[in-house]
Amino acid sequence: MASTTALTGKKHIWDGGAEPYGASYGKLMMWFFLLSDAFTFSALLLAYAALRFSAPSWPVPDDVFASIPFVHGNHYPLVFVGIMTFILIASSVTMVLAVEAGHRGAKNEVVKWMIWTIVGGIAFLGCQAWEWTHLHHDGAWWGSNPFLNADGTPGMVNFTNLFFTITGFHGFHVFSGVLINVIVLFMTMNGVFDRRGTYETIEKVGLYWHFVDLVWVFVFTFFYLI
Amino acid sequence: MSQNHEHHHDHHQESFISKYIFSMDHKMIAKQYLITGMIMAVVAALISLLFRLQLGWPDQTFPWLESLLGDWGKGGRLDPNFYLALVTMHGTLMVFFVLTAGLSGTFSNLLIPFQIGARDMASPFMNMLSYWLFFLSSVIMLVSLFVESGPAAAGWTIYPPLSALPQAVPGSGLGMTLWLVSMTLFIASSLMGSLNYITTILNMRTVGMKMTRLPLTIWAFLTTSILGVLSFPVLLAAAVLLIFDRSFGTSFYLSDIFIAGEALNRQGGSPILFQHLFWFLGHPEVYIVLMPALGITSEVVATNARKPIFGYRAMIGSLLGISFLSFIVWGHHMFVTGMNPFLGNVFMILTLVIAVPSAVKTFNYLATLWKGNLKFTPAMLFAIGLVSLFISGGLTGIWLGNAALDINLHDTYFVVAHFHLVMGSASMFGMLAGVYHWYPKMFGKMMNAKLGYLHFWLTFAAVYLVFFPMHFMGLDGVPRRYYNFTGFEYMSEWMDLNRFISVSAILGSAAQLIFIWNFFYSIRKGKDAPVNPWNSNTLEWTTPVERIHGNWPGEIPHVHRWPYDYSRPGAPEDFIPQTVKDDELPEELRSPKVKPVPERADAPAETVVDKVLFSRFLNLFGLKKA
Ligand code: HEM
Ligand SMILES: [Cu+2]
């Protein structure tokens, strides 16, 4: 950096010899990866939109997703998925706290908040597992849809096809996020980042985690709300 | 173990495995990509000869086919199903494995650290992983050639429903599954590679290497990688949905299908959806294939014309323009799918707009060559060949981009002619130009130039003899992907031409043996390369011929000028390397700086601010020196 300054008399971030905006290559890679992953999800969600809008009729989410564990016979649309969403967003908050603690190099706090984030991730996956089991129990799966369309005709099979494929793809992202978080947790506990002198890895993992969260907001909107 | 520690701290004795197999050195990984790509190219070329045999001599039997292919060549005739599988594999191997991974992987890896002045990639480990995923994906794709039901047979574009129903044709069975597995790994490999290339270029340039001093190769690799990062994920999504259709009974791409008179219980999907997803990748992909070749050409043409590249900024601008536009023209592959004519019009106009940046590049190449002091090295010949092919193939693109014409020409040999000239051959020429030009950097030896000339002229002739006549067949309505044409009276007149094409293809392929021999022979027996054999300005030629770890023995050189200072009048030599400092040169040769904008008060009447700004604006397009 200093040499750039010497060369031109003025600091130009794109002149070489320095990382523009001080962004490390690892963080840049994460950003570009997320951009790429965003295109994957966009493609899937656009496929969903295309198939749904070319269908004559479609099941009503409020009738399909209306159950809560241990509560029978009642109609509670959006309650359970609301809880799931809350858990995931809460885990993003704890992730922010972990990153913030990392900035201060406060190892024990990082450990604490990472554990909470992992707990949130696992809880979300647990909820998703329950929901899938429940739907499967009702006869819903890839290739079969027991839920009637809004107009009373037999349900479009692509409703369940898309639901399981896309929430499954998202769930897979959450699952890998949890795995990565666990690895990073152990690295923190072993003092790897203290030795490196930077907790930037937590930041990168955090970016991924927030991204997965953000995607859920879209999945949630498209499958449960509209 | 540690006798030779003098150069660089991690220049230690390496084991065979860490040096040649699991290498993390960008130069070695480049060579791994190149050799793998060459192997795939040989396989893909042999495959094409098999189906050219069928097209040229549909009535003849070749008993050796049966001994070679077993049941696929029963009675010495190629099986029709296997014909389709061969066409599919030829396209897949050439487009993805040779011209995407082989071309981009080789030269991005070799040149990015060298030309920007870095010791290696941002993440050498991910770079290694990227190669080994590519290798695995290549192996799986090749293995699919040997499964009992044959490799995938739905064309390189794997359109459903053919690709989605394992019971449709033999090739839709295990072969298609392996295709999808292989491509998934390929996408992962491409993603890792591209992330590395982008971040390395943005973050690791040496001191003084501004973005506007990068060689055009690097700009081309950058835009290529960005296209890859943004378009391959969409293919991944398409493949995921296809996998579910194939194996989990979904119907994303299927509706109203009958097989052997029986209705399938698959409703509500749309095969057109797949085409949209595929071509959202597919069109950028053709530029992923082409742009590195264009970058290589810029570099080779400027060096060997001994002239500054014409319109440096315009070249960057056109790369960016092509990249952007290539995301919004995919519909031109789908004019006959029954799309809304209004939408068709939009795609048509956007498609024709993309011809503008393409033409900018072409004219800039021609202007660079114009009155240059041309050095006809083999690399230069191939680069000029690329320009020729880009023009011949690009012009037919404009025909095809016109929806009204395309409805007649779609899926005929006209399209085959178009993309083999502009993508297949042009990119292959770029790749060959790159190999001839940077061979000394890869192996420290020179290739034999005489053999290079022979190779060039035979290849150049063969390419035009093979692909140019196809235009006329296409205009006459001869469809692509047909096993034979003997059943169609009106096509019988093309029989002789088909045979002529096949003979040219065989001769053209044979000519590649010259190259392969030259390549491997020169590794051992070639003349030793000087440090800077082409008197080039770029940084890679300041590294020692021995190709050490970390690239430069001492400090990484600093950069003081753009890479195209060739034949500056008054300079002692006809090139000024990027490392030459300004204060070592007379005033008029110093690296051009943008003129300061004069204050209005003390400006002479003719240099008011607007004028200076306007000249800068022109300068953006390479029209006027500021
Ligand atoms: C002037 C610019 C170009 C225009 C306007 C253009 C237009 C088109 C159009 C309209 C088609 C569809 C033809 C059909 O299937 O009916 C097509 C096919 C194709 N083009 Fe181009 N093209 C251009 C340049 C290129 C370049 C530079 C490349 C590659 C480097 C390329 C590669 C291809 C390929 C591979 C196909 C055929 C894909 C297939 O169906 O298998 N084109 N082009
Ligand atoms: Cu296209």
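Since this is a predicted model, take the numbers as computed values, not measurements.

1. Focus on the overall build of chain B
Line of reasoning, step 1. Counting secondary structure elements, chain B contains 16 helices and two strands.
Line of reasoning, step 2. On C-alpha atoms alone, chain B measures out to a radius of gyration of 26 Å, which is about the 25 Å that the 2.2 N^0.38 rule sets for 626 residues.
Line of reasoning, step 3. Across its three principal directions, the C-alpha atoms of chain B cover 85 × 70 × 45 Å.
Line of reasoning, step 4. Residue pairs at least 24 apart in sequence account for 76% of intrachain contacts in chain B once pairs closer than 6 positions are excluded.
Line of reasoning, step 5. Within the structure as shown, chain B displays about 24600 Å² of accessible surface, and the carbon and sulfur contribution to it stands at 67%.

2. Notes on the overall build of chain A
Line of reasoning, step 1. Scanning chain A for helices and strands turns up eight helices and zero strands.
Line of reasoning, step 2. From first element to last, N terminus to C terminus, chain A shows the α and β order α-α-α-α-α-α-α-α.
Line of reasoning, step 3. Its C-alpha atoms give chain A a radius of gyration of 22 Å, more than 25% over the compact-globule value 17 Å for 226 residues.
Line of reasoning, step 4. Seen through its principal axes, chain A has C-alpha atoms that stretch 75 × 40 × 20 Å.
Line of reasoning, step 5. When burial is assessed residue by residue, chain A has 50% of its 226 residues classed as buried.
Line of reasoning, step 6. A separation threshold of at least 6 residues defines the contact pool for chain A, and within that pool the share at least 24 residues apart is 68%.
Line of reasoning, step 7. Accessible surface for chain A amounts to roughly 10600 Å². Of this, 70% is attributable to carbon and sulfur atoms.
Line of reasoning, step 8. With 10 positive and 14 negative side-chain charges, chain A shows a separation of 16 Å between the mean positions of the two kinds.

3. Let's talk about unusual backbone geometry
Residue and element names in this part refer to chain B.
Line of reasoning, step 1. Geometrically, the link from proline 160 to proline 161 is a cis peptide bond, its omega value of 5 degrees lying close to zero.
Line of reasoning, step 2. The residue proline 161 is located in the loop between helix H5 (124-143) and helix H6 (174-203) in this model.
Line of reasoning, step 3. At isoleucine 158, a residue that is not glycine, the phi angle is positive and equals roughly 35 degrees.
Line of reasoning, step 4. Here isoleucine 158 is to be found in the loop between H5 and H6.
Line of reasoning, step 5. Positive phi outside glycine occurs at asparagine 551, with the angle close to 70 degrees.
Line of reasoning, step 6. Looking at the element boundaries, asparagine 551 is found in the loop between helix H15 (495-525) and helix H16 (609-620).
Line of reasoning, step 7. Since its relative accessible area comes to 1%, asparagine 551 is described here as buried.

4. Structural notes on the coordination of the copper ion (ligand 2)
As a benchmark, a tetrahedral metal site with four donors has ideal angles of 109.5 degrees, while an octahedral site with six donors has ideal angles of 90 or 180 degrees.
Residues and elements named next belong to chain B.
Line of reasoning, step 1. Protein coordination of the copper ion (ligand 2) is provided by His283 (ND1), His332 (NE2) and His333 (NE2), with donor distances spanning 1.9 to 2.0 Å.
Line of reasoning, step 2. Separating the copper ion (ligand 2) and the iron atom of ligand 1 is a distance of 4.6 Å. Placement of the pair is histidine 283 in helix H8 (residues 271-305) and histidine 332 in the loop between helix H9 (312-325) and helix H10 (341-369), with a sequence separation of 49 residues. A single burial state applies to histidine 283 and to histidine 332, both of which are buried.

5. As for the coordination of the iron atom of ligand 1
Line of reasoning, step 1. A lone protein donor contacts the iron atom of ligand 1, and this donor is B:His418 (NE2), found at 2.2 Å.
Line of reasoning, step 2. Within the element layout of this structure, B:His418 appears in helix H13 (residues 413-443).

6. Side note on the interface of chain B and chain A
Line of reasoning, step 1. Contact with chain B, which involves 39 residues of that partner, is made by 33 residues of chain A.
Line of reasoning, step 2. A combined buried area of about 3100 Å² lies between chain B and chain A, and 75% of that area is made up of carbon and sulfur atoms.
Line of reasoning, step 3. Its largest share of buried area at the contact with chain A, chain B owes to B:Asn203, B:Val207 and B:Phe252, together 18% of the area lost on that side.
Line of reasoning, step 4. One can count zero salt bridges joining chain B with chain A.
Line of reasoning, step 5. Of all the secondary-structure elements, those providing two or more residues to the side of chain B that touches chain A are H6, helix H7 (216-247) and H8 of chain B.
Line of reasoning, step 6. It is H7(B) that contributes the most residues to the side of chain B that touches chain A, nine residues altogether.
Line of reasoning, step 7. A per-class count over the side of chain B that touches chain A returns 23 nonpolar, 14 polar and two charged.

7. Some details on the site of ligand 1
Residues and elements named next belong to chain B.
Line of reasoning, step 1. As a structural note, the neighbourhood of ligand 1 is formed by 22 residues, with Trp156, Asp406, His410, His418 and Arg480 the closest of them.
Line of reasoning, step 2. Interatomic distance of 2.9 Å between a side-chain N/O atom of tryptophan 156 and an oxygen atom of ligand 1.
Line of reasoning, step 3. One of the side-chain nitrogen or oxygen atoms of aspartate 406 is found 2.5 Å away from an oxygen atom of ligand 1.
Line of reasoning, step 4. Residue assignment for the shell around ligand 1 shows that the elements contributing at least two residues are H8, H10, helix H11 (378-401) and H13.
Line of reasoning, step 5. Its residues assigned to classes, the shell around ligand 1 comprises twelve nonpolar, eight polar and two charged.

8. Examining the environment of A:Glu203
Line of reasoning, step 1. In this structure, A:Glu203 sits in helix H8 (residues 200-225).
Line of reasoning, step 2. Each residue touching A:Glu203, except ones within four places of it in the same chain, is listed here: A:Lys27, A:Val99 and A:His103.

9. Here we look at helix H2 (residues 26-56) of chain B
All names here are of chain B.
Line of reasoning, step 1. Compared with the 45 Å implied by 1.5 Å per residue over 31 residues, the 44 Å span of H2 between its first and last C-alpha is a close match.
Line of reasoning, step 2. Across the 31 residues that make up H2, a large majority, 25, are buried.
Line of reasoning, step 3. A side-chain oxygen of the first residue of H2 lies 2.8 Å from the backbone nitrogen of lysine 27; this N-cap is aspartate 25.

10. Re the environment of A:Leu28
Line of reasoning, step 1. Assignment of secondary structure puts A:Leu28 in helix H2 (residues 25-53).
Line of reasoning, step 2. A:Leu28 gets classed as buried once you look at its relative accessible area, which sits at 15%.
Line of reasoning, step 3. Along the chain, A:Leu28 and A:Lys204 lie 176 residues apart, while their C-alpha atoms are 9.3 Å from each other.
Line of reasoning, step 4. Leaving out residues up to four positions away in the same chain, A:Leu28 has contacts with A:Ala23, B:Thr199, B:Leu202 and B:Asn203.

11. Notes on the pattern of salt bridges
It is possible for side chains of opposite charge to pair when their charged atoms get near one another.
Residues and elements named next belong to chain B.
Line of reasoning, step 1. Applying the stated criterion across every chain yields a total of twelve salt bridges over all chains.
Line of reasoning, step 2. The shortest N-O distance in the salt bridge between arginine 306 and aspartate 574 comes to 2.9 Å. Separated by 268 residues along the polypeptide, arginine 306 in the loop between H8 and H9 and aspartate 574 in the loop between H15 and H16 bring together distant segments of the chain.
Line of reasoning, step 3. Take arginine 306: its relative accessible area is 3%, and that puts it in the buried class.

12. Examining a nonpolar patch on the surface
Residues and elements named next belong to chain B.
Line of reasoning, step 1. Taken together, the side chains of Leu352, Phe363, Leu366, Ile391, Leu395, Ile398, Trp399, Leu405, Phe468, Phe472 and Leu475 present a nonpolar region at the surface, about 990 Å² in accessible area.
Line of reasoning, step 2. The set of elements that each furnish at least two residues to the nonpolar patch consists of H10, H11 and helix H14 (449-475).
Line of reasoning, step 3. Looking at the nonpolar patch, the element that brings in the most residues is H11, giving four residues.
Line of reasoning, step 4. With respect to the secondary-structure elements, leucine 395 resides in helix H11.

13. A few points about the confidence of the model for chain B
Residue and element names in this part refer to chain B.
Line of reasoning, step 1. Overall, the prediction assigns chain B a mean pLDDT of 91, with 92% of residues at 70 or greater.
Line of reasoning, step 2. Predicted confidence is poor over residues 1-11, with pLDDT under 50, and the contacts of this stretch with residues over four places away or in other chains come to nine contacts.
Line of reasoning, step 3. Taken as a whole, residues 594-599 scores under 50 in pLDDT and shows eleven contacts with residues more than four places along the chain or in a different chain.
Line of reasoning, step 4. Across the predicted assembly, pTM comes out at 0.91 and ipTM at 0.92.

Thresholds, definitions, all that
- Residues numbered from 1 in each chain as written.
- Chains lettered and ligands numbered in written order.
- Predicted model: local features only at pLDDT ≥ 70, side-chain atom pairs only at ≥ 80, totals over all residues.
- Heavy atoms only, no water.
- Helix = DSSP H or I, 4+ residues; strand = E, 2+ residues; numbered from the N terminus.
- Rg over C-alpha atoms; globule rule 2.2 N^0.38 Å.
- Contact = heavy atoms within 4.5 Å.
- Areas by Shrake-Rupley, 256 points an atom, 1.4 Å probe, with all protein chains shown as cover.
- Buried < 20%, exposed > 50% of the residue type's maximum accessible area, 1.4 Å probe, protein only.
- Lys, Arg positive; Asp, Glu negative; His and termini not counted.
- Charge placed at Lys NZ, Arg CZ, Asp CG, Glu CD.
- Donors = N, O, S within 2.8 Å, 3.2 Å for Na, K, Ca; no water.
- Buried area = accessible area lost by both parts, 1.4 Å probe.
- Salt bridge = Lys/Arg side-chain N within 4 Å of Asp/Glu carboxyl O.
- Nonpolar A, V, L, I, M, F, W, Y, C, P; charged D, E, K, R; others polar.
- Near = heavy atom within 4 Å.
- Polar contact = N/O pair within 3.5 Å; in protein donor to acceptor, adjacent residues only side chain to side chain.
- Expected span 1.5 Å × (residues − 1).
- Patch = residues over 30% accessible without salt bridge, like charges linked within 9 Å, V, L, I, M, F, W, Y side chains within 5 Å.
- pLDDT = per-residue confidence, 0-100.

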